Amino acid sequence: MAENATIYHNQRCNTSRTVLRLIEESGIEPTVVKYLETPPSRDGLRKLLDDAGLQPSQAIRKREAVYKELGLADATEDQLLEAMVDNPILIERPIVVTDKGTVLARPAEKVEEVL
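Keep in mind it's a predicted model, so treat the numbers as computed, not measured. (Residues numbered from 1 in each chain as written. Predicted model: local features only at pLDDT ≥ 70, side-chain atom pairs only at ≥ 80, totals over all residues. Heavy atoms only, no water.)

Engineer: Looking at this model, I keep getting lost on the sheet that holds strand β4 (residues 101-104). Mind explaining?
Structural biologist: Two pairing modes exist for strands in a sheet, parallel and antiparallel, and in both the strands are linked by backbone hydrogen bonds. An order of β2-β1-β3-β4 is seen for the four strands of this open sheet, with the pairing classed as mixed. Edge positions in the sheet fall to β2 (31-34) and β4, since each has one partner strand and no second. Taken over all neighbouring pairs, the strand axes of this sheet differ in orientation by 15° on average, direction set aside. With four bridges joining them, strand β1 (residues 5-9) and strand β3 (residues 95-98) adopt antiparallel strand pairing. When the bridges of β3 are listed, I7 appears paired with V96. Across the sheet, helix α1 (residues 14-25) is in contact with β1, β2 and β3; its angle to β1 comes to roughly 165°. In the packing of helix α2 (residues 42-52) onto the sheet, contacts are made with β1, β3 and β4, and the angle to β4 comes to roughly 95°. (Pairing = 2+ DSSP bridges. Helix = DSSP H or I, 4+ residues; strand = E, 2+ residues; numbered from the N terminus. Axes fitted to C-alpha atoms, helices over the stretch in contact; angles between N-to-C directions. Contact = heavy atoms within 4.5 Å.)

Engineer: For this particular structure, what's the right way to read the pattern of salt bridges?
Structural biologist: Pairs can form between side chains of opposite charge whenever their charged atoms are close. Counted under the stated rule, the structure contains nine salt bridges. Among the salt bridges present, the one from D51 reaches K47, with a minimum N-O distance of 2.7 Å. Of the two residues, D51 and K47 are both situated in helix α2; the distance of four residues between them amounts to about one turn of the helix. Across the salt bridge formed by E92 and R61, the nearest N and O atoms sit 2.6 Å from each other. One end of the pair, E92, is in the loop between α4 (77-86) and β3; the other, R61, is in the loop between α2 and α3 (65-69), and 31 residues separate them in sequence. Accessibility expressed as a relative area gives 14% for E92, which makes it buried. Judged by relative accessible area, R61 falls into the buried class, the value being 17%. Salt bridges linked by common partners bring R61, E64, E92 and R106 together as one network. (Salt bridge = Lys/Arg side-chain N within 4 Å of Asp/Glu carboxyl O. Buried < 20%, exposed > 50% of the residue type's maximum accessible area, 1.4 Å probe, protein only.)

Engineer: Sorry, what's going on with unusual backbone geometry here?
Structural biologist: Peptide bonds are trans in most cases, and residues, glycine excluded, mostly fall at negative phi. With an omega of -5°, the peptide bond between R93 and P94 qualifies as cis. Inspection of the secondary structure assignment puts P94 in the loop between α4 and β3. Cis geometry is adopted by the peptide bond preceding P107, which originates at R106 and carries an omega value of 0°. With respect to the helices and strands, P107 occurs in the segment after β4.

Spelled out as structure tokens, the structure:
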């Protein structure tokens, strides 16, 4: 069992709230990063995605209005990463980091892989 956890959390997201509850029910009091208020740096986000084995295109919220407004459908991975840093609402959530690994917990049960 993991000893600690950090969740990149949006309290308005049902999946994120569910994952936070699953972490707490496992007996871990996680560090909660409200990434919309304190977004990761470019290098920090790149590391999170690398650790989770994801490209920016796999962790960007394509349904957000800003995705369409910025015309990101044909963007490169680097351009997507920049857009996510500049507009953290585009970062898919929740991302969970434990000593067992990093995962984009969608669906919520995916968090069990790192608990």
